[in-house]
Amino acid sequence: MSDSTNNKVNGHIMSLQQLISAPLVATIDADAMSTERYMKHFMSLAFESYNPADGSTGALRLISFNFTDSDASGGAEKKVSVPLISLVTLPLLQIKQADFDFDINIIDAVASAPDERFSLNKGEVDSSAGKGQDDGLNFRASLAPQSGRGSSSSSLQANMKIHVTMQQADMPSGLSQFLQLTSRPHYEDSSSREKITN
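Note that this is a predicted model, so its numbers are computed, not measured.

Chemist: How should I be thinking about the overall build of the protein chain in this particular structure?
Modeler: Secondary structure summary: the protein chain contains four helices and ten strands in total. In sequence order, the protein chain lays out its α and β elements as α-β-α-β-β-β-β-β-β-β-β-β-α-α. Classification of the 198 residues of the protein chain by burial places 14% in the buried group. With an accessible surface of roughly 15700 Å², the protein chain has 53% of that area assigned to carbon and sulfur atoms.

Chemist: For this particular structure, what's the right way to read the pattern of salt bridges?
Modeler: Pairs can form between side chains of opposite charge whenever their charged atoms are close. If you walk through the whole model with that rule in mind, you get two salt bridges. Lys40 is the partner of Glu36 in a salt bridge, and the nearest nitrogen-oxygen pair spans 4.0 Å. Of this pair, Glu36 and Lys40 are both found in helix α2 (residues 16–46), four residues apart, which corresponds to roughly one turn of the helix. You can call Lys40 exposed: its relative accessible area is 54%. A salt bridge links Asp103 to Lys161, with the nearest nitrogen and oxygen atoms 3.0 Å apart. Residue Asp103 is found in strand β6 (residues 97–111), and its partner Lys161 is found in strand β10 (residues 160–167); the two are separated by 58 residues along the sequence. Judged by its relative accessible area of 61%, Lys161 falls in the exposed class.

Chemist: Would you explain the nonpolar core in this entry?
Modeler: The nonpolar side chains of a soluble globular protein tend to be buried with one another. Counting residues in each nonpolar core, the largest one holds twelve residues, listed as Leu16, Leu19, Ile20, Leu24, Ala98, Phe100, Phe102, Ile104, Ile106, Ala141, Ile162 and Val164. Elements represented by at least two residues in this core include exactly α2, β6 and β10. When residues in this core are grouped by element, the largest group, five residues, is from β6. With near-sequence residues (within four places) excluded, Ile106 lies in contact with Leu16, Phe139, Arg140, Ala141, Asn159 and Met160.

Chemist: Just to check I follow, could you spell out α2 for this structure?
Modeler: Residue pairs spaced three or four apart in an α-helix point in one direction, given the helix's 3.6 residues per turn. When the terminal C-alpha atoms of α2 are compared, their 46 Å separation across 31 residues agrees well with the 45 Å that a helix rising 1.5 Å per residue should span. The largest bend along α2 measures about 30° and falls at Ala22, with the proline Pro23 one to four residues further on. All of the buried residues along α2 are Leu16, Leu19, Ile20, Leu24, Thr27, Asp31, Tyr38, Met43, Leu45 and Ala46.

Chemist: Even after reading the chapter, I still don't get the side chain of Asp103, so can you show me in this structure?
Modeler: Taking the relative accessible area as the measure of exposure, Asp103 reaches 16% and is therefore buried. Of note is the side chain of Asp103, whose polar atom sits 3.0 Å from the side chain of Lys161.

Chemist: Teacher, can you tell me more about the confidence of the model for the protein chain here?
Modeler: Residues shown with low pLDDT carry predicted positions that ought not to be read at fine detail. The share of residues in the protein chain with pLDDT of 70 or more is 67%, and the mean pLDDT across the chain is 75. Averaged over each element, pLDDT in the protein chain is lowest for helix α1 (residues 2–10) (44) and highest for strand β2 (residues 50–51) (90). Predicted confidence is poor over residues 1–10, with pLDDT under 50, and the contacts of this stretch with residues over four places away or in other chains come to one contact. Within the model, pLDDT remains below 50 along residues 151–155, and this stretch shows two contacts once partners closer than five positions in the same chain are excluded.

Chemist: Honestly, the environment of Ser56 in this entry has me stumped. Any pointers?
Modeler: Positionally, Ser56 belongs in strand β3 (residues 56–57). Each residue touching Ser56, except ones within four places of it in the same chain, is listed here: Ser49, Tyr50 and Asn51. A distance of 2.8 Å separates polar atoms of two side chains, one belonging to Ser56 and the other to Asp54.

About the criteria used
Residues numbered from 1 in each chain as written. Predicted model: local features only at pLDDT ≥ 70, side-chain atom pairs only at ≥ 80, totals over all residues. Heavy atoms only, no water. Helix = DSSP H or I, 4+ residues; strand = E, 2+ residues; numbered from the N terminus. Buried < 20%, exposed > 50% of the residue type's maximum accessible area, 1.4 Å probe, protein only. Areas by Shrake-Rupley, 256 points an atom, 1.4 Å probe, with all protein chains shown as cover. Salt bridge = Lys/Arg side-chain N within 4 Å of Asp/Glu carboxyl O. Core = buried A, V, L, I, M, F, W, Y, C linked by side-chain atoms within 4.5 Å. Contact = heavy atoms within 4.5 Å. Expected span 1.5 Å × (residues − 1). Bend = angle between axes of the 7 residues up to and from the residue. Polar contact = N/O pair within 3.5 Å; in protein donor to acceptor, adjacent residues only side chain to side chain. pLDDT = per-residue confidence, 0-100.

What follows is the structure, given as C-alpha cells:
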C-alpha cells in the first residue's frame, strides 16, 4: 500500500520551472486555438469560399435588397448591397489577464553537474565543457493540496505559495510597423491581371 502511494506522489514531482510554466503555456495555446477558430468563422462568414492553403478567397458575401427612393421627380427603384460581415456580431475574444495561485511543496534542490566527457588526448575525464555554464540549483516540487481540501494526514504540505499574473504584452514597435505595411490594401487592375495570366 505504501509503494502505490509513493508511486502516485512521485508521478507528480517535476521541476519548479515546469510546474509554473505548464499552465502559462496552456493558456497561450488556448488563446491561439480561440484565434484560429475565430478566423475560420470569420472567413466562412465573410466570403463565399476560402482556401487556407494559399489565402485565396471568393466573392464577398452580400445582403442585397431593393427599395423605392422618393424625391421631387418621383420614385425610383434602387438596389443596395451590404456586406454580411458588417451585420453580424463577431466573437472576438482574447485572454487579457490570467491569474494563477500555486500551493507548492518543494521536495528537494539538485545542483546541476557540469557535463563530463572522457578525453582520449588527455586520457582522463574532461569536465571543461561544463565550465561557465553553472545553472545553480534546480528545485523539484509538487503541487500541494489547498487548505481545506483532501485529508489532513496528507504527506504533502505547502512550503511555498506563488502567485503568477499573466497579461497581454505590449506590441513591439517593429511588429507594429510590419502590420501597418501588410494591412494596406493592394489594388490591381483586373485587365492587367488577365494579361499577366495569359
